[in-house]
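Listed here are the chains, written in short residue letters.
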Amino acid sequence: MANGQVQIFDTTLRDGEQVPGCKLDTHNKLIIAQRLDELGVDVLEAGFPISSPGDFESVVKITRLIKNARVCGLTRAVKKDIEVAAEALKDAKKPRIHTGIGTSDPHIKYKFNSNRDKIIERAVAAVSYAKSFVEDVEFYAEDAGRTDNVYLARICEAVIKSGATVLNIPDTTGYCLPDEYGAKVKYLKENVTGIDKATLSCHCHNDLGLATANSIAGVLNGARQIECTINGIGERAGNTSLEEVVMIMRQHPDLNLDTNINSKLLYSTSQLVSESMGMPVQPNKAVVGANAFAHSSGIHQDGVIKKRETYEIMDPHDVGVTESAIVLTARSGRAALAYRAKNIGFELDKLQLDKVYKQFLKVADQQKEVNDEDIPKIIEACGL
Ligand code: KIV
Ligand code: ZN
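Rules of the game
Residues numbered from 1 in each chain as written. Chains lettered and ligands numbered in written order. Predicted model: local features only at pLDDT ≥ 70, side-chain atom pairs only at ≥ 80, totals over all residues. Heavy atoms only, no water. Buried < 20%, exposed > 50% of the residue type's maximum accessible area, 1.4 Å probe, protein only. Helix = DSSP H or I, 4+ residues; strand = E, 2+ residues; numbered from the N terminus. Pairing = 2+ DSSP bridges. Right-handed = clockwise from strand over helix to strand, strands pointing away. Disulfide = S-S within 2.5 Å. Domains from an automatic or database assignment. Contact = heavy atoms within 4.5 Å. Buried area = accessible area lost by both parts, 1.4 Å probe. Salt bridge = Lys/Arg side-chain N within 4 Å of Asp/Glu carboxyl O.

Undergrad: It is not clear to me how the pairing of strand S7 (residues 199–204) should be interpreted in this structure. Could you clarify?
TA: Along any regular strand the residues' side chains alternate between the sheet's two faces. Across the six residues of S7, five count as buried, placing the element largely inside the fold. Judged from the six bridges that link them, strand S6 (residues 166–171) and S7 form a sheet pairing that is parallel. Paired with Leu 167 across the bridge in S7 is Leu 200. Crossover S6 to S7 through helix H7 (residues 178–191) is right-handed. As for the winding sense of the linkage, the β-α-β connection from S7 through helix H8 (residues 211–220) to strand S8 (residues 225–228) is right-handed.

Undergrad: I keep staring at the state of the cysteines and nothing clicks. Help me out?
TA: With the rule as written, the count across this model stands at zero disulfides. Not engaged in a disulfide, the cysteine Cys 156 finds its nearest cysteine sulfur in Cys 202; these two sulfurs lie 12 Å apart. Cysteine Cys 228 shares no disulfide, and the gap to the nearest cysteine sulfur, in Cys 202, comes to 9.9 Å. Taking the relative accessible area as the measure of exposure, Cys 228 reaches 0% and is therefore buried.

Undergrad: Would you mind showing me how to read the domain arrangement of the chain here?
TA: Interface size is commonly expressed as the accessible area that is lost once the parts come together. Taken domain by domain, the chain consists of domain 1 (7–277) and domain 2 (294–381). A straight line from the C-alpha centre of domain 1 to that of domain 2 covers 44 Å. Each partner contributes to the interface: domain 1 provides six residues, whereas domain 2 provides seven residues. For the domain 1 and domain 2 pair, buried surface summed over both sides reaches about 550 Å², with 57% attributable to carbon and sulfur atoms. The largest share of the area that domain 1 buries against domain 2 comes from Gln 251, Lys 264 and Tyr 267, three residues that together contribute 68% of it. The interface formed by domain 1 and domain 2 includes one salt bridge. Note that Asp 318 and Lys 264 form a salt bridge whose closest N and O atoms lie 3.9 Å from each other.

Structure representation (structure tokens):
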């Protein structure tokens, strides 16, 4: 498994915190950082220290709190950014500076009014400078998803020579298809001299709903780090969701990929981040959504009551959810009603169930959901 060990780089407190209107104060950031450390993330991106005094202070405090994870600070390929990040990270047990620059033609032309050669020079200078402060330097090639692969390989090779330990290949705009992103990683693995000295990292955005699929395509093609956030929060449509990639690797042992994450803490961590940011988790969110283990149609409920695995590919306990839910709606069948009635102490025989079910359907057609409190009233209305 050693070779299949995928590092989880959590950026909830940096890219995740870029969600409009969801800013966290230092106190909340420290609570989340502590929880991410317990969860087992390998790298914790604590912030962008030059961006504001508040972010600088949070990064400093996080470095003093965190016991296990590497703590990382983001910079642009700008000397002052790197100096400020190095200062913020100076108490970290395992510091990492994450520096980089846009490498796609639109970024080079419109953001920097520059050319490909000059961008390589800036990337090399930034990595070398960061390396004068810390041993562990990650380079990001912003908009790598839309960067020409031959040029991307050149810049990767140049920054490895300058000491980059990790190469982040962001699909910044969430544009790539999984095959395309996987092929990009494969191309770098096969064409960059010195690639074995560095770890390739996937950093995918979700503009087309492909962030998770692209990250998995990346690791299947040789990347060994995934950058992700709790609940998939982040800029625009968000980042790769941590809980999704972790559980995909865990539920597919045939892939021979795994992480250090304690999956039993996933649900509570999702709730913590959602509550701290005031950002509800969509009910149908994979792994941690309120409906991820809820069954409402009669056919599914009958199956799950007979054997959970008929309609669940994960054990809810494995992600910290106490149990699967059998939700009573007008689509539910007799088996679900009998099951829920039994759970609150009403054992119904076949004839009784037929009678109660008819009354149940009348109530269910009027309500979105039938709750435990409704069941005794339904039974009573049947004269039982
Ligand atoms: O999406 C992106 O390209 C980023 C980089 C700053 C790493 O977040
Ligand atoms: Zn990003």
